[in-house]
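# Observations on the model geometry
So you can see what is in the structure, the chains are spelled out below.
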Amino acid sequence: MIDSRTAPYAALVLRLALGILFLAHAGLKIFVFTPAGTAGFFGSLGLPGWLAYVTILWELLGAAALILGVWPRLAALALVPILFGAIFTVHGPAGFFFNNPNGGWEFPAFWIVGLVALALVGDGALALKPTPAGSDKA
């Protein structure tokens, strides 16, 4: 049974954790690898370099939406393709465990599970702009 008194706060904690992770992930691309370096890495994978800039922007916007609670259920689902892309291009061939060279796919897959769980459980407490359709105000 779900405790309806605390469930919105559990969703809030999940939403904040996921948002902070995406903020850190985008920050890594911006401040450590640099956008140009990230574009070069994308190019080395056979992807267009401009996709790196789109990915960084998508991660920043998604992180902000999750942290602030702006349509969080939709934001969570919108971030899932980035992680599938990471799995299929980099982490999948490296195997399961994330401590393998190039990082395995276990962490991005778990991250997807968290995003889907948030989309299913609800927006959480203190959402600035709850998801309009299908929102249960949780």
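These notes cover the structure that comes with them. (Residues numbered from 1 in each chain as written. Predicted model: local features only at pLDDT ≥ 70, side-chain atom pairs only at ≥ 80, totals over all residues. Heavy atoms only, no water.)

## What about the pattern of salt bridges?
Per the counting criterion, the structure on display carries two salt bridges. Residue E59 pairs with K29 through a salt bridge whose shortest N-O separation is 3.0 Å. Residue E59 is located in helix α3 (residues 50-68), and its partner K29 is located in helix α1 (residues 7-32); the two are separated by 30 residues in the primary sequence. One exposure class covers both E59 and K29, and it is buried. (Salt bridge = Lys/Arg side-chain N within 4 Å of Asp/Glu carboxyl O. Helix = DSSP H or I, 4+ residues; strand = E, 2+ residues; numbered from the N terminus. Buried < 20%, exposed > 50% of the residue type's maximum accessible area, 1.4 Å probe, protein only.)

## Digging into the packing of helix α4 (residues 72-91) against helix α5 (residues 106-121)
Packing of α4 against α5 leaves a shortest axis separation of 9 Å and a crossing angle of 165°. In terms of axis orientation, α4 runs roughly antiparallel to α5. Handedness of the crossing formed by α4 with α5: left-handed. On α5, the residues touching P72, R73, A76, L77, L79, V80, L83, F84, I87 and H91 of α4 are P108, A109, W111, I112, L115, V116, L118, A119, L120 and V121. Counted by class, the contact of α4 with α5 contains 18 nonpolar, one polar and one charged residues. (Axes fitted to C-alpha atoms, helices over the stretch in contact; angles between N-to-C directions. Parallel < 35°, antiparallel > 145°, perpendicular 65-115°, else oblique. Left-handed = near helix turned anticlockwise from the far one by under 90°. Contact = heavy atoms within 4.5 Å. Nonpolar A, V, L, I, M, F, W, Y, C, P; charged D, E, K, R; others polar.)

## A word on the packing of aromatic side chains
Inspection of the entire model under this criterion finds six aromatic pairs. Ring geometry for F22 versus W111: centroids 4.4 Å apart, planes at 35°, classification tilted. With F22 in helix α1 and W111 in helix α5, this pair connects stretches of sequence that are 89 residues apart. Accessibility expressed as a relative area gives 0% for F22, which makes it buried. Here F96 and F97 contribute two aromatic rings whose centre-to-centre distance is 5.0 Å and whose plane-to-plane angle is 80°, an arrangement assigned as edge-to-face. The partly exposed category is assigned to F97, whose relative accessible area is 48%. Linked through ring pairs, F22, F98, F107 and W111 together constitute an aromatic cluster. (Phe/Tyr/Trp six-rings, centres within 6.5 Å; stacked < 30°, edge-to-face > 60°.)

## Considering the layout of surface pockets
Of the pockets and cavities examined, the largest pocket occupies roughly 640 Å³. Together, 27 residues line the largest pocket, and H25, K29, F41, F42 and A86 are the ones closest to its centre. Listing elements by their share of the lining of the largest pocket, those giving two or more residues are α1, α2 (35-44), α3, α4 and α5. When grouped by side-chain class, the residues that make up the lining of the largest pocket number 18 nonpolar, seven polar and two charged. (1 Å grid on protein atoms, 1.4 Å probe; cavity = no way out; pocket = protein on both sides within 12 Å on 5 of 7 lines; lining within 4 Å. Points joined across faces, edges and corners; volume = space filled by probe spheres on them.)

Taken by themselves, the reported measurements are silent on function.
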